[in-house]
Structures are given as structure tokens and as C-alpha cells.
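Observations on chain architecture
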Amino acid sequence: MYPGFYKIQPLQQSQPAFPALCTPAPNKAPFTNNVYIANYDHNNQQHRHLAQHQVAPTAPSGEPLSFTTNLYGTIPATFHGSAPPPPTDNAHGNPQSFQQPHPNGTPYCGQQQHHASQTQHPQQHPSMAPAPHSCPGAPVHPIVSYPSAPGSSQYGTLKASKTTVARTIPNLMNTPLHGHVANVGASSGIATSPSVQVAAASSAPSSPNTDDAGDTSSSTTSAPWMPNSYNSLERGGYPDSMPPSNGMASQALPCSNHGYQNMQVTYQQHPVTRVDSSPSSGGYDQSGYQQHSQPLPNLSQPSVSDVLRPVNLQQERSLLPPRPLEAPEPNLSPELKAANCSPQTFRCTLTGVPQNQALLSKAGLPLGLLLQPFRDVQQQVPTSNTIVRCLSCLTYLNPFVSFLDERRWKCNICSRVNCVQDEVVHQYNPETRSSYGELRKRPEVLSSTVEFIATPGFVSRPPQPAVYLFVLDVSHNAAEVGYLTYVCESLLENLDKLPGDTRTRVGFVTFDSTIHFYHFQEGLSRPQMLVVSDIDDVFVPSHDGLMVNLKESKELVRDLLKSLPSTFGHNRETHSALGPALQAAYKLMYSTGGRVSVFQTQLPALGAGLLRSREQGSGTSSVQHLGPATDFYKNLALDCSGQQICVDLFLLSSQYADLASLACVSKYSAGSIFYYPSFHHVQNAVQLEKFQKDVAHYLTRAIGFEADIRVRCTKGLSVHTFHGNFFVRSTDRLSLANVNPDSALAVQVSLDDSLADYSQACFQAALLYTCSKGTRRIRVHTLCLPVVSQLSDVYAGADVQAITCLLANMAVERSVSSGLSDARDGLVNAVVDFLDAYRVSMSNTTQQSGLVAPASLRLFPLYVLALLKQKALRAGSGVRLDERVFAMCDLKTQPLQQTMRTVHPDLYRLDDDTVHPDLYRLDDDMSDQGAFRLNGRAVVPQPRPLRLSAEWLSRDGAFLMDCGDVFYLWIGKCCNETFIRDVLGCPDYASIPPAMSHLPELRTAPSARVRAFLGWLQERRAFSSTLHVIKDGASAKTVFLQHLVEDRSEATFSYLEFLQHIERQISK
């Protein structure tokens, strides 16, 4: 839903995009979800194609595919992907192994070519080649160099296209961020994108590799019961007694639910204590601080009148809530509320779903979902060994179905009445050692997050083992920045913690201008280096000993990791052949799938995928620089996704590296992207420490292999567009080669039919994956929300943070496809349309002048202004291109909490008693008053968040800003010396070091409280955040002040000026 932006007149090239002279919008379309006018599809039908697609594809049956259009091109309505549905091999519809063809019809790394390549080179003989230059005393590897293979490469060389086939881009500059759904029309090509608009009316064929692959002749399938422990299943290491998993492991308990009655809609916007609402376990401890799981204390519940209270935005001074904002709580019965999915895992932009499209359009707000399907939870996820599903829509039994009697239940998605067998009702309960007796007592009824052990009907091949390949840049630039030593040290420390079992396999590839493989043949005293020097025709020099069992070859692996830094410590080769190294990685992982971890330090300059610098002359108008310069990395990623290979990218470069192109290899293979723009092991100790912690967390975090996600909605709702890193296979199905607990995705939802016959609307997300222990599992999340018929109920249940995150995803996509200025204008119009819609709705009840919003959405204009000033969407050329692209990637993959800290940081005052004039007292914010204790010991203070304006700063204070991935502690020039001494360990302001990045562990009460507060903040995120102590007069103060989004900055509005601009737009 909502692929477009608000309608405004296109800006002239000479005009600034925002905010100086935003062009008025006399013909601006209303903020709705209505379908485009009929001639939109007709007028643009002939232009919907990509340059690489010249022949209209056909379905497997030979019939032409129908297509749906979005901002990125065309997608087949009957099948979404780069290949037709795989053939089946049994009655369950299980897929045989298949190879996805290249989008232009020629296999990029086809299976047939792969085998042919193997047969072409049986007679190649190795020749000795000199090893890379190493320092004296460095271990010397036996090195074998292979000549280039005869014939052409499997890959060939993809040249960056400097010209593209001319095509007309639909003029969407005048459309809102979330206004319309495009009609389906014919097309001449297929486009695949991490954000893909799908046709609401089309239905994808059932795929045997998804959670729909089970036997549909019965609604119940079972697997032997298995006890579940999240850490034992997903975390690193393996017990020596654990046998390798060859087939399907068993599962645990099934699910059901209780019926519900219609209820009056009201909203409670207050925190809810949930069994899985504790912070992620992936954080890092601060010095002297022990991690704990403790939610914020519950606050008083605001009444409905408080939530809907009209707020004059231009006069409101106490804009921020006294504590971090929580998701609004939908009005459900206490039983359903307790069983509902945690908003940290699954939340909706509107916790009251509008009854029809007219009401949604009248509200002027987007409808969408935010999902973190593999999120780390502290407690055990309920499991089931029996899968009960609706025979019609294949929805899993959940707490929100209606029970008609002991055996019959009514599906909450499609309303079909289903019947279960007696053995399901009376199944054995291993916890109570008795039968359940009735469906309502099963664990699936009691929890909306449940996990099943997949039955054979869901599996086409034995679950793959955990396979890890590390591809390391060892060029001269890599030796200069010095990352290799720390990666090898982290691997040595965490080898036993890598998620997996006795089947876990590892391999290593290093590269500069040549590709180096490492052979761990049994009987060798040390690994053997095999060098392939012809990067134009990369081949695998051996089919044995390159990817080896970790348990069997652990000592050889350790020897390699100890020797790699010294082997390449003085490498003089300056070029980097990243593309050929990725081709080699694909061929190594082709038969197994797994995870490829790539560490790169410069712009690729050799072989396939070579890139040229595009940073010079880039600005807000250089939209093409936000997209890839070549399709090589995208096409390679699509091939990897087809073979269940995920590519994670670590980029450590102080120079331009064209992240816009490199990021595609992770975007389309469901990988992660890490960027360290000023990394140096000596000159930047802060970033080195962050890199070490990030790598340690990355290596040991939970992982799921060969994953699929399917999202189902109550009849009348449908999935419209996905945002994130994945490959879209059908209208509601995503393919993820790997899934990790730190990534999230966004979903735009269409309201196709009236929901007047429903009192609740439900959304269910099913994640099918192979856990690191070799068990095929299905994790199911179900969200239930009331259906509302009054506009006031829509506003009362609006989740302003979820709305902001969804709009951020849409703005990033629009920036790449239509231009940064168009995306910024769309965000401005999102605020214009909402406030205009609210003004119209309130005109009959209240007569208030000025810019008015309901209390529940009073932060919406501020959050949008913060988005416009965020690095990803900031106007001007002051942001480096790689940094802008990385910020865009982060917005599309980060969980909501991390995104909001990045967009609108939290600002706290840490020193003692202060009073801000004309506002509220801040005294004793860091004292025991309002704090809570962790495990009865550590006291965590809860200072009140301050507005992001210099008005709230004073030179006699100390202020902490939490920006998500970095903490800034700003010390005023006149700060109390007692605070400086007790917290920083310095006698006075002048003695504070200029590059202080750690707080000393002092035996003082203020030190303990500040460190406890920092540790508590750090615990609530997965990756490490750095700390920078900034003195008032330091040059780094500029970075701190850039995050004060309410103040005027370079060519941008202040908050009050932004509100005045919005008011002028509304009055036109």
C-alpha cells in the first residue's frame, strides 16, 4: 500500500528542494489509499521495463505472465522472482533443486555451466608461484598457482553500463508517500528489488519451500516432540555428544485459541509488561555493569480524552513525554491482550484498523506493519510438534480464532470453519505429563509467538549444515588499516561459539589482485595456499579440502588464523579483485548454501564488478549516484539467493568505495551491511573497539538458514509492498538465504474491501528456517487489532513511531528511484495531508486556530523534520555519498527502536539539580527518585528526555545524547567540577582529555549511576555503541549540534519555521 508520495508541483532545477522554497501544491491529491486513475496504467504501460529485459517472460506453462508496476519496474503478478517455480518431487509439492536463470535469460552462474566448467579442466596442473611478501619470521605456506582455465568463465565479465535504454519514468513527484495502489498491466520485463510492490489481487502459486508446503488434505501435521531451548538451538558451539542431523528433528506443542466477543474500542497508551519485552541479549556490558532484563516502570495510563486532546503545535512547550515513548495498546479483552504479539516483534502503524478505505483516506495516515521476525527473546519460545492450519488459507492456529466446539474452530483470517482430529485434542502434554483435554489449553492458544518443528511436507532436502566462508581483502590498503589482525583474533576467540553442530563447515578466501584459497587436506601439518592468478576466469582449484568440517580441522584452522596477519602484513599489491573473489565464493558455496562474510577496504579495481569513483560532483540532484553503477553485484546476489547463500559486507574504508553498488550483494541475498568510514587500528581506537565488539556479536549471534517469510492478513486486507533486505518470490512471500535477530522489515498494507463484518483484524507472519543445529522450524507471530469505525479511534490508536519508520522506508526507496528532492517533498506532504485531514475532521467540533494535532500524534511533524535532517535524506552536498547510502541501508533494516534513536536522538541532562525556566523541574533526575533497581543492586536512574534544541543546553551542565550507534557526552565549559571529578575522574574542565571515549569506573555514587544508565541504554540494542566525550569548545561540538533537529541548520528549517511552512501549505 502507499507506493506514492503526496502531490506537489515539480521543483525547478534552480530551486532548492527543501526547505527554502517548497513549491505549493494547488493540485495535491488527497492523502488516500485509493487506486490510481484508470489511465495511469495505460499511459505508462509501454514504458514499464528495464534495460536488461527485452523479452516478455512466460510462465512454466507457456502462458504470458501478468505484471504489476511499482517505482522500480515491473513484477509478475502470478510469480515474483528471477525463476519460475521449482519442479516438485512428491505429493506434498516439495521442490527439487533448481537453478534460477539470469534475468536476461542467460544463466549468470548456471548449474549446467557449473558442471561443464568442472569437466573442462580435469587436466590442469599446478605450478609453483611466489608467496605474498611477508615480514621476516612469518610462516610460509606451501603455495600452488593455477593457470587460467581454457574457455570462457562461468561468469564472464559484466561491464558497467554507462548508457541505459531510454524509458519514461511515471511522474510520481506529485503523489504522496502512501497514497495509491497501482493497477496491474502487461509489461516486458521483470524487476526484483528489496522493496517490491505486489499486486493485491493476484495470488502466488503455492511454493513447496515455504510454510505452505505441507499436506493440505488435513489441517494437522505432527512431528515427534522435542524440548526447546532457544540458546541451545540458536547459539554457538556444539556438544560433543550431539549427533549430526540428517533429517527432520522433532518439535513441540501445537496451538489453538479462544473465541472473543465484540468490544467497544478505547485505547490505553502506556507500557505493557510482556513476557518477551526484555531487551535483546546481544548488547555489550559497560565496565562494571552487569546486563539485566528490566523494562521501564509502568506509567500512569492516559485516558482516551488525553490521547485525543487537541494540541496546538506552535504553542506546546512540553512536547516530549516524560519517559521514552511506548507503542499504543490496542483495546482487546485481557485474555487476548496477554496473548497478543509483542510490539517489539510485530506492530502496526494503526492499532485500530479502519473499517474501510474511505475512513483510512479520511485519516490521512498510512497502514503498514513493522516486523522483526527472528528477534532475540530472553525466555523460551513455546514450541509444538503438531501443526494445525486452516484448510483454506493455511493460517496457523493462533490465540485469535473462534472455537465453535471441542473440535471445530473458525479461522480469523478467512473465516473458514475447520475441524481437528480427536488425537490433537487429547494429545500428550509433556510439561504436565497428561493430555491437554481441550484446544484452549494448548500453548499456541496462550501465546501469539510460537515455534513448530517442520514436518517432512515442508522440506525438499535434508536441512543444510551451518556453513561459513570468510572472504578477506589482504591488499596493501588492508594491511595499512590493520583490520585483519583483529578479525583473526575474534575468530580464534569465537570458533567454538559459532552457531552450529558437529556438521559445521568453514572455509577461507583471501584476495588482492589474485585469489587465494586455503586447502585443509587431512594429513597436512599446516594449511596449503592455492593461488588462482587469472581473475577473468575464476575457478575452484580443488573440490575437496577447501570447505572443511570445523570440528575435524579445528587445529589447522587455528594455525591459518594465527599466520594470516603476518603473511600479508607487508603486502605491496594495491589492487582489489572483489568481484572475482565473490565469484569464487559462490562456486565454493554452490552446493551447500550458507553465509559469506566479506571484508573489503577499498574500491574494487580489477576483474568483474570493477568500479570507478562517482563521488566527484555528486549532490542532491545526482540521484543516479544513490543507485548501483553496475548490475554485477545485484545479479550475483540473485544467484546466491537461489542457492541459499547470504553475503554480509564489512566495508572499512576512509576513501570512496561506491557502497551504492557494493550494497546490492547484501540487499538481494538478505545480508547485513557494516560500514566503518574512518577505520584505522592506530589512529581511530574508538572505531577499532566498536569493530571488535561488532564482529564478536556478529560471529556468535543466532542465525537461521534457507529461510522464507509469508505474511497473511484478514480477508479484506492484503500485502502491498515489502521493504528490507530479501528477495521477493510472490505477493506475500519473501526468500531470505539467512535470517538474523538484528534485522527488521516493513510492509505496506492495502485495505481492499470493507471490514464491517469483523470486530478484529489479524496479521500473521510465518518464518520457515533451518536452525544452526540442523532442524527445520517454523516461527509464527500473530497480531490482533480491533477494527474501528470512528475517525477518533483511528487517531487514538495511531503509532507515531511506526508511522515514521514506515515513511522512512518509503522515502529511501523514492530517493533511489525518483530523486532525493522528490522523497523530501513527499515527507513534507505527509505532514500536510495528515494535519489538513485532522483540521477538517475537527472543524465541526472545535474551533481552534493555529496548527492542531491530536496528542497521540503531536510528535509526527517533529519526527518528519528529524527525518529530513537525518544523514540519509539531508539536503546539500555536505554528506559523503557512501555515508548517505549506508544511512539509507540502515533505515531499511534496523528495528524500530534503533531507527528512532537514529532519527530523533534522546537527550538527557546528567548533572544534578537544574531548573529550566518556564517549564518543568529537572531536579534529581539522576538520583534514586524515579529510578529502578536491577536485581536489587544496581540503581538505574531515569532522567527525563529533553527537546533537541540548544535552548535546553547550558554551559553549566553535562548532557548525554543517545544517537543509536554513538553516545555523545557534552560537557559545558562551566560544568560543576564535582560532576567532572566524580564521573570523569578529572580534577577540572581543562584537564578533560580531548578524545575521551570511556568513563572510568570510580567508587562514587554519581559514577555508578551514570555508568548504570549508560549500560542500561546499551543493553537495549544489539550492536555496540561508541562514547565520545565532547568539550564545549572542541571542534567535535559541530557533530553534536547537528543532531539538535529543532534548531535551524544549514539550509534547513527550525521546528517552528517548519510548522509555519506546513501551515502555509495547508492554507493554499
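Starting afresh in each chain, residues are numbered from 1 along the sequence in its written order. Residue-level local features of this predicted model are given only where pLDDT is at least 70; pairs of side-chain atoms are given and counted only at 80 or more, and the full residue set underlies all totals for whole chains, interfaces and linings. Each side-chain value is derived from all of the structure's non-hydrogen atoms; neither hydrogens nor water enter the calculation.

In this section: the nonpolar core. For soluble globular proteins, nonpolar side chains are generally found buried alongside one another. In this text, buried Ala, Val, Leu, Ile, Met, Phe, Trp, Tyr and Cys residues form a nonpolar core when linked through side-chain atoms within 4.5 Å. Classification of residues uses two cut-offs on accessible area relative to the type maximum, computed with a 1.4 Å probe and protein chains only: under 20% is buried, over 50% is exposed, and between them is partly exposed. In this structure, Leu717 and Phe763 are the most contacted members of the largest nonpolar core, which totals 175 residues. In this structure, phenylalanine 763 is in contact with Phe346, Val353, Leu369, Arg712, Cys713, Leu717, Val749, His781, Thr782, Leu783 and Leu785, ignoring residues within four places of it in sequence. In terms of nonpolar packing, the next biggest core, distinct from the first, is built from 45 residues, Phe470, Cys488, Val506 and Ile703 among them. Only heavy atoms matter for contacts: two residues are in contact if any of them lie within 4.5 Å across the pair.

As a further point, take the sheet that holds strand β39 (residues 958-962). Ordered by their spatial adjacency, 4 strands build an open sheet running β36-β39-β40-β41, and the pairing between neighbours is mixed. Strands with a single pairing partner mark the edges of an open sheet, and in this sheet they are β36 (906-909) and β41 (1026-1031). Across the sheet, the mean angle from the axis of one strand to that of its neighbour is 20°, orientation sign disregarded. Note that β36 and β39 share 4 bridges and pair antiparallel. Bridging from a neighbouring strand, tyrosine 908 pairs with leucine 960 of β39. Should DSSP find at least two bridges between two strands, the strands are regarded as paired. Strands here mean DSSP runs of E at least two residues long; helices mean DSSP runs of H or I at least four residues long; both are numbered from the N terminus. For every element, the axis is a line fit to its C-alpha atoms; helices are fit only across the contacting stretch, and the angle between N-to-C directions ranges from 0 to 180 degrees.

This part is about the packing of helix α18 (residues 800-818) against helix α19 (residues 820-842). Contact pair α18 / α19: the axes reach a minimum separation of 7 Å and the direction vectors enclose 150°. The orientation of α18 with respect to α19, classified from their angle, is roughly antiparallel. Seen from above, α18 lies across α19 with right-handed handedness. Contacts between α18 and α19 pair Leu807, Ala811, Arg814, Ser815 and Ser818 from the former with Leu820, Asp822, Ala823, Leu827 and Ala830 from the latter. Split by residue class, the contact of α18 with α19 holds 6 nonpolar, 2 polar and 2 charged. In this scheme, roughly parallel covers angles under 35 degrees and roughly antiparallel covers those over 145, while 65 to 115 is roughly perpendicular and the rest are oblique. In this scheme, a crossing is called left-handed if the near helix is turned counterclockwise away from the far one by less than a right angle; it is called right-handed if the turn is clockwise. Each residue gets one of three labels, nonpolar for Ala, Val, Leu, Ile, Met, Phe, Trp, Tyr, Cys and Pro, charged for Asp, Glu, Lys and Arg, and polar for the others, Gly among them.

Now for the sheet that holds strand β14 (residues 402-403). Strand pairing in a sheet relies on backbone hydrogen bonds. The paired strands run either parallel or antiparallel. Read across the open sheet, the 3 strands follow the order β14-β15-β16; overall the sheet is antiparallel. The sheet is open, and its two edges are formed by β14 and β16 (417-419), each paired on a single side. Bridge count for β14 against strand β15 (residues 408-410) is 2 bridges, and the pairing is antiparallel. The residue of β15 that forms the bridge with serine 402 is lysine 410.

Residue placement: arginine 526 occurs in the loop between β22 (515-519) and β23 (528-532). Residue classification places arginine 526 among the partly exposed positions, given a relative accessible area of 41%. With 32 residues separating them along the chain, arginine 526 and arginine 558 place their C-alpha atoms 9.7 Å apart.

Quick look at the packing of aromatic side chains now. Between the rings of Phe, Tyr and Trp (Trp by its six-membered ring), a pair exists once the centres lie within 6.5 Å; its type follows the angle of the planes, with under 30 degrees stacked, over 60 edge-to-face, and the other angles tilted. The tally for this structure, following the rule as stated, stands at 27 aromatic pairs. Taking the centre distance of 5.1 Å and the plane angle of 90° together, the rings of tyrosine 908 and phenylalanine 1013 count as edge-to-face. Of the two residues, tyrosine 908 is situated in strand β36 and phenylalanine 1013 in helix α24 (residues 1005-1019); the sequence distance between them amounts to 105 residues. As far as burial versus exposure is concerned, tyrosine 908 and phenylalanine 1013 are alike and both buried. Site record: aromatic cluster; members linked through ring pairs are Tyr483, Phe599, Phe650, Phe674, Tyr676, Phe679, Phe691, Tyr698 and Phe1023. In this scheme, the term charge over a ring applies when either NZ of a lysine or CZ of an arginine sits within 6 Å of the ring centre and within 35 degrees of the ring normal. Sitting over the ring of tyrosine 396, arginine 389 keeps its end group 4.9 Å from the ring centre.

Should their charged atoms come close, side chains of opposite charge can pair. A pairing counts as a salt bridge when a side-chain nitrogen of Lys or Arg comes within 4 Å of a carboxyl oxygen of Asp or Glu. Summed over the entire model, instances satisfying the criterion amount to 27 salt bridges. Across the salt bridge formed by glutamate 329 and lysine 337, the nearest N and O atoms sit 2.8 Å from each other. Given the relative accessible area of 4%, glutamate 329 is considered buried. The partner of aspartate 982 in a salt bridge is arginine 981, and the shortest N-O contact between them spans 3.9 Å.

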